[in-house]
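An overview of the molecular structure
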Amino acid sequence: MNVTDCYRVLGLKNGASLEEVKTAYRRLARQYHPDTNPGDRYAQEKFVQLHEAYKTLMEVARSTSDPLPTSAPPYQSTNPASKSPSPQPKVTRKPKEKESVFRDPPHLSEIDRQFKRNGYDRLQQLFKQQKFPRAIALIEGLAGRIPDDPEIRQWQAVTYQRFGRYLIQKRDFEKARIYLKKSLKTDPHNRALWMEVERDFRQMEKFF
């Protein structure tokens, strides 16, 4: 599982701070813990994914050669004698932290960078509201405007997958299959996405 996949499993943006990683992990671990969901295979698999993602990000954070992009100063200290947290626990350089969330191609104009940021924020709102057709229209428009951005392609694949999962809940299985397959075709090398889609197909099989 690569770093991008780890963030996605925890429901975070790329480059989220260590504090955000810890908070998300604690919240989701409680939600999917096997003791809370006895006999629920999906919850057990999700819990394993969460633990793997958290462990990977913590290992990256401890690495001096490849730290997390937005780690707060306490986790970036190179002083081996320092055992206590830094007296400055908050990241104060907000503009740089915001920029690190997105991996923009170097040729991208400032207008397109802003368009991408606004598009991502709006996409998250549509996910929460379960307005998936509008989310798809938004991400396809974004992908059409910035076609060579791998991050946008990943967002597009996730949008298709989430709509497919929503359609399964609505018992629209034929349409769900279309969007789940479309998701894999859009981002075929995303292993975490493949796991989610496989789980969706298994969930769909329970209705037959």
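Refer to the structure printed above.
First, a word on what this report is: a plain description of the structure on this page. The shown structure was predicted, so the numbers you read here are calculated from the model rather than taken from an experiment.

Next up on the list: the overall build of the chain. Counting secondary structure elements, the chain contains nine helices and zero strands. Across the chain, helices and strands are ordered from the amino to the carboxyl terminus as α-α-α-α-α-α-α-α-α. Here the chain holds 208 residues, and 41% of them are scored as buried. Considering only intrachain contacts with a sequence separation of at least 6, the fraction spanning at least 24 residues in the chain is 54%. As presented, the chain carries roughly 12,500 Å² of accessible surface, and 52% of it is formed by carbon and sulfur atoms.

Counting 27 residues, the largest nonpolar core has I152 and W155 as its most contacted members. Counting only elements with at least two residues in this core, the list comes to α5 (110–129), α6 (132–145), α7 (150–169), α8 (173–186) and α9 (191–205). Apart from the residues within four sequence positions on either side, I152 is in contact with K116, I139, L142, A143 and I146. Counting residues in each nonpolar core, the second largest holds 19 residues, with C6, Y7, Y25 and L50 among its members.

Take the environment of Y166 next. Note on placement: Y166 falls in helix α7. When the C-alpha atoms of Y166 and D200 are compared, they prove to be 9.9 Å apart, with 34 residues separating the residues in sequence. Those residues in contact with Y166 that lie beyond four places of it in its chain are Q130 and F132.

This part takes up the packing of aromatic side chains. A full pass over the atoms with the stated rule returns 10 aromatic pairs. On the basis of an interplanar angle of 10° and a centroid distance of 4.1 Å, the ring pair of Y25 and Y54 is categorised as stacked. Placement of Y25 in helix α2 (residues 18–32) and of Y54 in helix α3 (residues 41–62) is noted, with a sequence separation of 29 residues between them. Pairing F127 with F132 gives two aromatic rings, centres 6.2 Å apart and planes at 35°, and the pair type is tilted. Each member of the pair F127 and F132 is classed as buried. Within the aromatic cluster, the residues linked to one another by ring pairs are F127, F132, Y160, F163, Y166 and Y179. Of note, K46 hangs over the ring of Y32, and the distance from its end group to the ring centre comes to 6.0 Å. Positioned over the ring face of F115 is R145, at 4.2 Å from the centre of the ring.

If the charged atoms of two oppositely charged side chains come close together, the side chains can form a pair. A complete count under the given rule lists 15 salt bridges for this structure. We note a salt bridge from E45 to R41, for which the minimum N-O separation is 3.2 Å. Highlighted residues: E45 and R41, both in helix α3, separated by four residues, approximately one helical turn. R41 sits in the exposed class, given a relative accessible area of 59%. Of the charged contacts in the structure, one is a salt bridge between R165 and E196, with a shortest N-O distance of 2.8 Å.

Attention now goes to α9. One turn of the α-helix equals 3.6 residues, which is why residues spaced by three or four share an orientation. Between its first and last C-alpha atoms α9 spans 21 Å; for 15 residues at 1.5 Å apiece the expected length is 21 Å, and the two agree. Taken as a whole, α9 has its buried residues at A192, L193, E196, V197, R199, D200 and M204. Along the axis of α9, the buried residues cluster in a sector spanning 155°; they form a single face. Residues R191 and E205 are exposed on α9 and point more than 90 degrees away from its buried face. Check the buried side of α9 and you find it contacts α1 (3–9), α3, α7 and α8. The residue sitting at the N-terminus of α9 and contributing the capping side-chain oxygen is N190; that oxygen lies 3.2 Å from the backbone nitrogen of A192.

Secondary-structure assignment places N190 in the loop between α8 and α9. Here A192 takes part through its backbone nitrogen, which lies 3.2 Å from a polar atom of the side chain of N190. Those residues in contact with N190 that sit more than four places away from it in its chain are D5, R8 and Q154.

What counts, and at which threshold
Residues numbered from 1 in each chain as written. Predicted model: local features only at pLDDT ≥ 70, side-chain atom pairs only at ≥ 80, totals over all residues. Heavy atoms only, no water. Helix = DSSP H or I, 4+ residues; strand = E, 2+ residues; numbered from the N terminus. Buried < 20%, exposed > 50% of the residue type's maximum accessible area, 1.4 Å probe, protein only. Contact = heavy atoms within 4.5 Å. Areas by Shrake-Rupley, 256 points an atom, 1.4 Å probe, with all protein chains shown as cover. Core = buried A, V, L, I, M, F, W, Y, C linked by side-chain atoms within 4.5 Å. Phe/Tyr/Trp six-rings, centres within 6.5 Å; stacked < 30°, edge-to-face > 60°. Lys NZ or Arg CZ within 6 Å of the ring centre and 35° of its normal. Salt bridge = Lys/Arg side-chain N within 4 Å of Asp/Glu carboxyl O. Expected span 1.5 Å × (residues − 1). Arc of directions from axis to C-beta. Polar contact = N/O pair within 3.5 Å; in protein donor to acceptor, adjacent residues only side chain to side chain.

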